[in-house]
Amino acid sequence: MALVVLSTAVAGPARAGGPSGDGPLVEITAAVETPSLFDDEAGGDADADDPAIWVNRADESRSRVIGTAKNGGLRVYDLAGREVQAILPPEGGRFNNVDLVTGFGAKQLDYAVVTDRGLDKLRIFRIEASGRLTDVTSADAPLLFSRDQDEVETQATGYGLATYGRYAVVSRRHSTTLGIFRLEERKNSVSYRVTDKLDLPKQFRLSTGATWTPCAEPGEEPQIEGMVVDGESGVLYAAQEDVALWRIRLDRDRFVGVPRIVERVAEFGAPGTFDPATEECVRGEPAPEAGRIRADVEGATIYPTGKRDGYLIVSSQGDSKFYVYDRRTNRPLSSFQVVDGARTDGVQHSDGAAVTSVALPGYPQGLLVLHDGENKPDEGRVSTNFKYVDWRSVNTGGR
């Protein structure tokens, strides 16, 4: 089992407590929120997780936000946050992450690609000009990682997702495995095939000389979920939840080079023991090289300001913060929180994130959409939704 020597990190912010470039924590508010989703029988076991923003180039006012709701399927919202379409998963399905493929196939159409972690498949939805989604997944679409249906039942299945060109990078739940899958157009449907796989490390050599294995439930490895591909630079940013944000080079349908760490989580290197009673890890002190991000490191998205310039935004789920990095250098720039405002409550324990720099009605510098893991008011139930943030709030530091 390979060990990673962490002197190879791209960016090396100091441990939690204020690395250079961090700056003051800025508080901003959301402009709009989507309806509450409830993770119970009455709510259809709907649990918001990951958003994507589809820009309607013919009529920006009819652009859509597409969000996964796990057992609740897929939800489609307009720019006012109103639900305009709900798609239930097939029997046994559970929709986890979503991303977009634009201008694909002979007719140069747009598609939403979704990881179905319940069935270990990708599901592909054609986006009509009206913004309505239609399932066009091939009936013979293969399993992503499992050898057979018995292995699917273990739920070590397709999890995180990021698309680029005609490809999708997919992570495997409870595993360090990443796969690249090529989308393939059929007559009236879309399928896919695997082109490459990569395993991120499970163990790490610390600056102290010790070897560290992240604490997890027995049989589970430190998994990856939040991901984004910078198509201009050919780089995948992958959030290994209890470890770090990684930078991984891509060459069309292959992983290339050595994965490098952008920033480690604040708990990095901390010895831990899994407590089955609480299903939590009891941790000791982290390593000196630990970073600022409070595990889990989650949603990642890129706001472009030029061909290679712009910002990388990453969710620090453990303390409900978001860290902003320079897109070109990965240098840490700033951090922000979404707090309660006049129109919406704040954002807590965020999973997925998506941003566009395209000017949209009401969002002249672009739109940032964030998953809110503790939506309020919650009626005494588990409530989640998506928050819309005007990019001007982030760009001006909330002023």
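Refer to the structure presented above.
Residues numbered from 1 in each chain as written. Predicted model: local features only at pLDDT ≥ 70, side-chain atom pairs only at ≥ 80, totals over all residues. Heavy atoms only, no water.

> I'm lost on the state of the cysteines in this one. Help?
Covalent bonding between the sulfur atoms of two cysteines defines a disulfide. A complete count under the given rule lists one disulfide for this structure. One disulfide bridge connects Cys215 with Cys281, the sulfur atoms lying 2.1 Å from each other. With the S-S dihedral at roughly -90 degrees, the linkage between Cys215 and Cys281 falls on the left-handed side. Here Cys215, found in the loop between β18 (211-212) and β19 (224-230), pairs with Cys281, found in strand β24 (residues 280-283); they are 66 residues apart in sequence, far enough to count as distant. With a relative accessible area of 9%, Cys215 lands in the buried category. (Disulfide = S-S within 2.5 Å. Helix = DSSP H or I, 4+ residues; strand = E, 2+ residues; numbered from the N terminus. Buried < 20%, exposed > 50% of the residue type's maximum accessible area, 1.4 Å probe, protein only.)

> Looking at this structure, I do not really get the sheet that holds strand β6 (residues 64-68). What am I missing?
Pairing between the strands of a sheet comes from backbone hydrogen bonds, and it takes one of two forms, parallel or antiparallel. Read across the sheet, four strands follow the order β5-β6-β7-β8 without closing on themselves; strand pairing throughout is antiparallel. The open sheet has two free edges, formed respectively by β5 (51-54) and β8 (83-87), since each of these has just one partner strand. Recorded for the sheet is a direction-independent mean angle of 20 degrees between the axes of neighbouring strands. Pairing of β5 with β6 involves four bridges; the strand directions are antiparallel. (Pairing = 2+ DSSP bridges. Axes fitted to C-alpha atoms, helices over the stretch in contact; angles between N-to-C directions.)

> Is there a simple way to explain the environment of Leu79 in this structure?
Secondary-structure assignment places Leu79 in the loop between β7 (74-77) and β8. As for Leu79 and Asp275, which are separated by 196 residues in sequence, their C-alpha atoms are 43 Å apart. Every residue in contact with Leu79, bar those within four places of it in the chain, is listed here: Val32, Glu60, Ser61, Ser63, Leu360, Pro361, Tyr363, Leu367 and Tyr388. (Contact = heavy atoms within 4.5 Å.)

> Is there a simple way to explain the nonpolar core in this structure?
Within soluble globular proteins, side chains that are nonpolar generally end up buried alongside one another. Leu178, Leu236, Ile248, Phe255 and Phe268 are the most contacted members of the largest nonpolar core, which has 41 residues in total. If near-sequence neighbours (up to four positions away) are discounted, Phe255 is found in contact with Val169, Leu178, Gly179, Ile180, Asp196, Lys197, Leu198, Leu236, Ile248, Arg249 and Leu250. If you look at the next biggest cluster of nonpolar residues, it comprises 18 residues, including Ala48, Ala69, Leu79 and Val369. (Core = buried A, V, L, I, M, F, W, Y, C linked by side-chain atoms within 4.5 Å.)

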